[in-house]
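One-letter residues, chain by chain:
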Amino acid sequence: MGITPDSGIGRDMNRESYDAIAVQWEQVRVRMSDAEQRILELLCGDLRFGCTVLDLGCGTGRPIAEYLVSQGFSVTGVDQSVQMLGFARQRLPTQEWILANLDTFVPGQSFSAVIAWDSLFHVSRVLYGSIFRNVKMALQPGGRFALTVGGSEHPPFTDTMFDREFFYDSHSPEVALQLLRDTGFELVHSEFLNLPTSGRDKGRFAMVARAA
Ligand SMILES: C[S@@+](CC[C@H](N)C(=O)[O-])C[C@H]1O[C@@H](n2cnc3c(N)ncnc32)[C@H](O)[C@@H]1O
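Here we summarise the structure given alongside this text. Residue numbers here run from 1 along each chain, matching the order of that chain's written sequence. Totals for whole chains, interfaces and linings use every residue, but because this is a predicted model, local features are given only for residues with pLDDT of at least 70 and side-chain atom pairs only at 80 or more, for both listing and counting.

## Points about the overall build of the protein
Using the following cut-off: Secondary structure elements follow DSSP: runs of H or I no shorter than four residues count as helices, runs of E no shorter than two count as strands, and numbering proceeds from the N terminus. In this description, any two residues whose backbone-derived C-beta atoms lie within 7 Å of each other are considered to be in contact.
What the protein contains, in helices and strands, is six helices and nine strands. In the protein, of all internal contacts separated by at least 6 residues, the share reaching a separation of at least 24 is 68%.

## Concerning helix α6 (residues 173-183)
As a reminder, the rule being used: Exposure in this text rests on C-beta crowding, where 20 or more other C-beta atoms within 10 Å of a residue's own make it buried, 12 or fewer make it exposed, and counts in between make it partly exposed. The C-beta atoms are placed from the backbone. Here the arc refers to the directions that run from the helix axis out to each C-beta atom.
Where α6 is concerned, the buried positions are P173, A176, L180 and T183. Summarising the axial view, the buried residues of α6 lie within an arc of 90°, below the 170-degree limit, and thus occupy one face. Opposite the buried face of α6, by more than 90 degrees, sit the exposed residues E174, Q178 and D182.

## Considerations on the site of the ligand
Quick reminder of the rule: Nearness is defined per residue: the C-beta atom, placed using the backbone, must lie within 6 Å of the molecule or strand. In the scheme used here, Gly and all other residues not listed as nonpolar or charged are polar, with Ala, Val, Leu, Ile, Met, Phe, Trp, Tyr, Cys and Pro taken as nonpolar and Asp, Glu, Lys and Arg as charged.
The immediate surroundings of the ligand are formed by 20 residues, with G57, G59, Q80, S81 and S119 found nearest. A per-element tally of the shell around the ligand places helix α1 (residues 9-28) first, with three residues. A per-class count over the shell around the ligand returns seven nonpolar, eight polar and five charged.

## Brief notes about the packing of helix α5 (residues 128-138) against α6
What counts is decided by this rule: In this analysis, axes come from line fits to C-alpha atoms, helices being fitted only over the stretch in contact, and the angle between any two N-to-C directions falls in the range 0 to 180 degrees. An angle below 35 degrees is treated as roughly parallel, one above 145 as roughly antiparallel, one from 65 to 115 as roughly perpendicular, and anything else as oblique. In this scheme the crossing of two helices becomes right-handed for a clockwise turn of the near helix relative to the far one and left-handed for an anticlockwise turn of less than a right angle.
Packing of α5 against α6 brings their axes to within 10 Å, and their N-to-C directions diverge by 45°. Comparing their axes, α6 and α5 come out oblique. By crossing handedness, the relation of α5 to α6 is classed as right-handed. Here Y128, G129, F132, R133 and K136 of α5 lie close against α6, whose contacting residues are A176, L179, L180 and T183.

## Some details on the nonpolar core
Keep this limit in mind: Buried Ala, Val, Leu, Ile, Met, Phe, Trp, Tyr and Cys residues form a nonpolar core when they are connected through C-beta atoms within 7 Å.
Residues L43, V53, A88, V114, I115, F145 and A146 are the most contacted members of the largest nonpolar core, which totals 51 residues. Broken down by element, this core gets its largest block of residues, six residues, from strand β9 (residues 204-211). Excluding anything up to four places from it in sequence, V53 contacts C44, L68, F73, V75, F111, S112, A113 and I115.

## Quick word on α5
Among the residues of α5, those classed as buried are Y128, I131, F132, V135 and A138. Considered in projection along α5, the buried side chains sweep an arc of 125° and stay on one side of the axis.

## With respect to the sheet that holds strand β2 (residues 74-79)
Backbone-to-backbone hydrogen bonds pair the strands of a sheet. The strands run either parallel or antiparallel. Filter applied, for reference: Here a strand pair is declared whenever DSSP counts at least two bridges between the two strands.
Ordered by their spatial adjacency, seven strands build an open sheet running β3-β2-β1-β4-β5-β9-β8, and the pairing between neighbours is mixed. The sheet is open, and its two borders are formed by β3 (96-99) and β8 (185-194), each paired with just one other strand. Taking each pair of neighbouring strands and ignoring which way they run, the sheet shows an average axis angle of 15°. Of the strands in this sheet, β1 (52-56), β4 (111-116), β5 (139-150), β8 and β9 touch α5, which is tilted by about 150° from β5.

## Structural notes on the pairing of strand β7 (residues 164-168)
In summary, the side chains of a regular strand alternate between the two faces of the sheet. For strand β6 (residues 157-161) and β7, the ladder comprises five bridges, and the chain directions are antiparallel. Bridging across to β7, D159 finds its partner in F166.

## Digging into the environment of P155
When you line up the elements, P155 lands in the loop between β5 and β6. In this structure, the C-alpha to C-alpha distance between P155 and H171, residues 16 residues apart in sequence, is 9.3 Å.

## Structural notes on the environment of R48
Along the chain, R48 falls in the loop between α2 (34-44) and β1. Once the C-alpha coordinates of R48 and V135 are considered, the two residues, 87 residues apart in sequence, prove to be 20 Å apart.

## Details of unusual backbone geometry
Cis peptide bonds are those with omega within 30 degrees of zero, and the linkage from R62 to P63 qualifies with 10°. Tracing the backbone shows P63 in the loop between β1 and α3 (64-70). Within the chain, D118 stands out as a residue other than glycine whose phi angle is a positive 60°. Counting through the fold element by element, D118 comes out in the loop between β4 and α5. Owing to 17 C-beta atoms within 10 Å, D118 belongs among the partly exposed residues under this scheme. Phi is positive for D163, close to 65°, though the residue is something other than glycine. Within the element layout of this structure, D163 appears in the loop between β6 and β7.

This is the structure in structure tokens:
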């Protein structure tokens, strides 16, 4: 039987798999690419010192939360993997780290900016609408939301990384963009970080949007 977007299979698989590979991830995910650096500047270049940024699917806190803190911002990071979050807590102990699933997490305060970097393509596409609405509600007026989604239309699938299986799903860039607009965001910037190939790589697409 194929994996359907709402089968829920991905949640436990990804939590267990990220817990299992956290040590390897910590070793390889060290610095931002030039594109990531550019997008982080678009996300928070205009923010005042001390503003708080919500990082959805924050992983180990490196390099993204680490960069945000180095720029003088506070970070609230959310992740469902105890082991990934453990690295983030150790690295940046004065920031706020919340163990939660993006499917159900509802922010309890407002934020100056939100980032969901390489985390949404692990979440069933049927949940994007409610996640975008929660982000919009949590953002202060004019606040920005940076996110990546998959770079093409494809059914949900699993793939391996560090010998563990991971679940992937995503709206196409066009549908994700429309959904953002329907939720009350205006597009500030978008780019393909890598283009889909005819093989395993479904592509990766980044957007920065502004809460209208
Ligand atoms: C590819 S890593 C990216 C981590 C970080 N954003 C970065 O850029 O290095 C994806 C992260 O999203 C988290 N994640 C995936 N699905 C999630 C979910 N449903 N709820 C919470 N976290 C999730 C994983 O545990 C993992 O830490």
